[in-house]
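# Examining the three-dimensional arrangement
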Amino acid sequence: MSDLLSTLLATRDWLMADGATGTNLFNMGLSSGDAPEMWNVEKPDNIRALYRGAVEAGSDIFLTNSFGANASRLKLHGAQARTHELNKIAAELGREIADAAGRPVVVAGSMGPTGEIMAPMGTLTHELAVEMFHEQAEGLKAGGVDVLWVETISAAEEFKAAAEAARLAGMPWCGTMSFDTAGRTMMGLTSAALVDLVEKLPHPPLAFGANCGVGASDLMRTVLGFVAQGTERPIIAKGNAGIPKYHDGHIHYDGTPALMAEYAVLARDAGARIIGGCCGTMPEHLRAMREALMTRPRGPRPALDTIAEKLGGFSSASDGTGDDAGGPKRERRGRRG
Amino acid sequence: MADDQEIILSELSDDELVLQMHDDLYDGLKEEIEEGVNILLGRGWTPYDVLTKALVAGMTIVGYDFRDGILFVPEVLLAANAMKAGMFILKPLLAETGAPRMGKMVIGTVKGDIHDIGKNLVAMMMEGAGFEVRDLGINNSVDKYLAALEEEQPDILGMSALLTTTMPYMKVVIDTLKEKGLREEYIVLVGGAPLNEEFGRAIGADAYCRDAAVAVETAKQFMARKHNQAAVG
């Protein structure tokens, strides 16, 4: 256990991760539809500014600008041949900022979903998914990341493929899924099912959890779902800064820095060890979160109604775990053998 | 248990067979659906009745349970796949018999946006509901939408966006339709994770659809309204 993230987890009560990548880059002028990863080469100063924004706001961990840098996503921009290069540069820029921070900062190599549906429902096989994630992982490793960071995954199969890729690359990793559909992932996975999945992996992650999804309240409910399984593994909470709203041609997230500070404290009290933001979370949110985590005393594990009261209501009545799993069942005729 | 007994589709009465087909669609059993379709056709059912009473009605149940968070994407994909197998048999027969059409939709993800899982689900569920669908894929400019509308003369235009930065492009398409005096020709439905009803209204769409099941229900409602207006007019 010599990697930086393990060391920090062993010595610190909580760690703060970063906020949004996309929202920050769009504010710097990235056009919609362009691959953000191209900026690693074309506008490296903007990527440095993105990373520095998180570090200066107090993040202990930040994610590289490589979320969509897998062959399947890059193919849509005709750049699949540049997978290794774009990941390596994303990591190198991160290394540069982290090493100049004057304190230990973890560079986490972001790996987002392929965007494909996996077999047998879709066309992407396990082998191909592993190959794509492995290619990306090797690029990030060559650029010097401390840990791989798999995020926004919906399918258990894809999570497993990423875990296998991390094993092949010989890298420690973290993995989060996005619980955005009635408390489950788009593919129907519950928080309890992710805990179960993580513990069965041959190369388990250093930490696991939830990112993105539908807003801070839902994400908190998911964190409580992990905790309820009695897991000992560090939990990651990376929620969006509220819900996107449309105003005069612009989109902004309605979560204020004060709300995100509240969320950070609740996430810590719920049992999350790594706390950060996702879409809409800007440096000013991170500063408020850091300040709150440093100054506010630890409280009891929050109940669902406390979360709803402080952060707003939930998007669905249940999160799909427990006795009411799956909600009402349909009256069925005979089942086939 | 009786549940474990092999079910022989051809021995079921029409009513029982239709209910069994609803269950088989729900379970995504492709071969059973093909068999059921052929049995009903063999018993003299019109292709249109097979489509609406067995397949579309079955997919409606799938849609409701998807909407209610009981079924998720993998189950819906399997069901849509089974539905498609049934449709494959019915399609030429429907054309031959001049069966009434449910409606036609042109659908695509807007310019700058390359996400398509949600849009594909809508396309599949719309086909599952008997609609004819022309899928334009991802990254569609105004010109591409206009050309497809001209060519297909659909009832419905569906637009999808997954990014907060691409969703405003839907307004560009709608504004262009207005400029050309074409807006009233089509029912415009929009969807995508970051959207909401307020946004749909703000940009001048007919409706925002939260998910694929809602898209199908909304499309059916608008089609019914359209038919009623045609009957009155």
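Here, the structure is the one placed above.
For the structure given in this document, a descriptive report is provided here. All values reported here derive from a predicted model rather than from experimental measurement. (Residues numbered from 1 in each chain as written. Chains lettered and ligands numbered in written order. Predicted model: local features only at pLDDT ≥ 70, side-chain atom pairs only at ≥ 80, totals over all residues.)

Each helix and strand in chain B was counted, giving nine helices and five strands. The C-alpha radius of gyration of chain B comes to 19 Å, within 12% of the 17 Å expected for a compact globule of 233 residues. By its C-alpha atoms, chain B is 60 × 40 × 25 Å across when sized along the principal axes. When the 233 residues of chain B are sorted by exposure, 46% land in the buried category. By sequence separation, contacts in chain B at least 24 residues apart represent 73% of the contacts at least 6 residues apart. (Helix = DSSP H or I, 4+ residues; strand = E, 2+ residues; numbered from the N terminus. Rg over C-alpha atoms; globule rule 2.2 N^0.38 Å. Buried ≥ 20, exposed ≤ 12 C-beta atoms within 10 Å, placed from the backbone. Contact = placed C-beta atoms within 7 Å.)

Moving on, we get to the packing of helix H10 (residues 216–228) of chain A against helix H13 (residues 304–311) of chain A. In a pair of packed helices, the angle between the axes and the distance between the axes together describe the arrangement. Residues and elements named next belong to chain A. With their axes 9 Å apart at the nearest point, H10 and H13 run at an angle of 160° to one another. The angle between H10 and H13 places the two elements in the roughly antiparallel class. Considering the relative orientation of H10 and H13, their crossing is right-handed. In this structure, H10 contributes Ala216, Ser217, Met220 and Arg221 to the contact, and H13 contributes Leu304, Ile307, Ala308 and Leu311. Partitioned by chemical class, the residues of the contact of H10 with H13 number six nonpolar, one polar and one charged. (Axes fitted to C-alpha atoms, helices over the stretch in contact; angles between N-to-C directions. Parallel < 35°, antiparallel > 145°, perpendicular 65-115°, else oblique. Left-handed = near helix turned anticlockwise from the far one by under 90°. Nonpolar A, V, L, I, M, F, W, Y, C, P; charged D, E, K, R; others polar.)

Residue and element names in this part refer to chain A. Looking at where Phe179 falls in the secondary structure, it is placed in the loop between strand S5 (173–177) and helix H9 (191–200). In this structure, the C-alpha to C-alpha distance between Phe179 and Ser154, residues 25 residues apart in sequence, is 7.5 Å. Excluding residues that lie within four positions of it along the chain, Phe179 makes contacts with Arg184, Thr185, Ser191, Ala210, Gly213, Asp218 and Thr222.

Here the focus is unusual backbone geometry. Most peptide bonds are trans, and most residues other than glycine sit at a negative phi. Of the consecutive residues Ala119(A) and Pro120(A), the connecting peptide bond is found in the cis state with omega at 5°. Tracing the backbone shows Pro120(A) in the loop between strand S3 (106–111) and helix H7 (126–142). A positive phi is found at Cys212(A), a non-glycine position, where the angle reads about 60°. Positionally, Cys212(A) belongs in strand S6 (residues 207–212). Despite not being glycine, Asn139(B) shows a phi value in the positive range, around 55°. Positionally, Asn139(B) belongs in the loop between strand S2 (132–135) and helix H6 (142–152). When the 18 C-beta atoms within 10 Å are taken as the criterion, Asn139(B) is described as partly exposed.

Moving on, we get to the pairing of S2(B). All names here are of chain B. Across the two faces of S2 the burial differs, with Val133 and Asp135 buried and Glu132 and Arg134 not buried at all. The sheet contact formed by strand S1 (residues 104–109) and S2 spans four bridges and is parallel. Within the sheet, the bridge partner assigned to Met105 lies in S2 and is Val133. Running through helix H5 (residues 117–128), the crossover from S1 to the neighbouring parallel element S2 is right-handed. (Pairing = 2+ DSSP bridges. Right-handed = clockwise from strand over helix to strand, strands pointing away.)

Another aspect to go through is helix H1 (residues 14–26) of chain B. One turn of the α-helix equals 3.6 residues, which is why residues spaced by three or four share an orientation. Compared with an ideal rise of 1.5 Å per residue, which puts 13 residues at 18 Å, H1(B) spans 18 Å between its outermost C-alpha atoms and is within 8% of the ideal. Looking at the buried residues of H1(B), the elements they touch are helix H2 (30–42), helix H3 (47–67) and helix H4 (73–97) of chain B. (Expected span 1.5 Å × (residues − 1).)

Right, let's talk about the sheet that holds strand S1 (residues 15–16) of chain A for a bit. Residues and elements named next belong to chain A. The eight strands lie next to each other as S1-S10-S7-S6-S5-S4-S3-S2, forming an open sheet whose pairing is parallel. Pairing within the sheet leaves two strands with one partner each, and these edge strands are S1 and strand S2 (61–63). As paired elements, S3 and strand S4 (residues 147–153) share four bridges and run parallel to each other. Within the sheet, the bridge partner assigned to Met111 lies in S4 and is Val150. In the packing of helix H6 (residues 83–99) onto the sheet, contacts are made with S2 and S3, and the angle to S3 comes to roughly 160°.

What follows is about the packing of helix H11 (residues 257–270) of chain A against H13(A). Residue and element names in this part refer to chain A. Closest axis-to-axis distance for the H11/H13 pair is 10 Å, and the angle between their directions is 165°. Regarding the angle of H11 to H13, the classification is roughly antiparallel. Our pair here, H11 against H13, has a crossing hand that is right-handed. Facing H11, whose interface residues are Leu259, Glu262, Tyr263 and Leu266, H13 presents Ile307, Lys310 and Leu311. Of the residues in the contact of H11 with H13, the class split is five nonpolar, no polar and two charged.

What follows concerns the nonpolar core. Core analysis: the largest hydrophobic core is formed by 172 residues, its most contacted members being Met220(A), Val223(A), Met125(B), Met126(B) and Met170(B). Top contributing element to this core by residue count: H4(B), with nine residues. Setting aside residues up to four positions removed in sequence, Met220(A) forms contacts with Tyr263(A), Leu266(A), Ala267(A), Ala270(A), Ile307(A) and Leu311(A). (Core = buried A, V, L, I, M, F, W, Y, C linked by C-beta atoms within 7 Å.)

Attention shifts here to the sheet that holds strand S5 (residues 207–208) of chain B. Residue and element names in this part refer to chain B. Across the sheet, which stays open at both edges, the five strands sit in the order S2-S1-S3-S4-S5 with parallel pairing between neighbours. The strands lining the two open edges of the sheet, one partner per strand, are S2 and S5. Strands S1, strand S3 (156–160), strand S4 (187–191) and S5 of the sheet are contacted by helix H9 (residues 212–232), whose axis makes an angle of about 170° with S4.

Below, the discussion takes up the environment of Gly102(A). All names here are of chain A. The residue Gly102 is located in the loop between H6 and S3 in this model. Among the residues examined, Gly102 registers 7 C-beta atoms within 10 Å and is labelled exposed. Each C-alpha atom of the pair Gly102 and Asp196 lies 38 Å from the other, and the pair is 94 residues apart in sequence.

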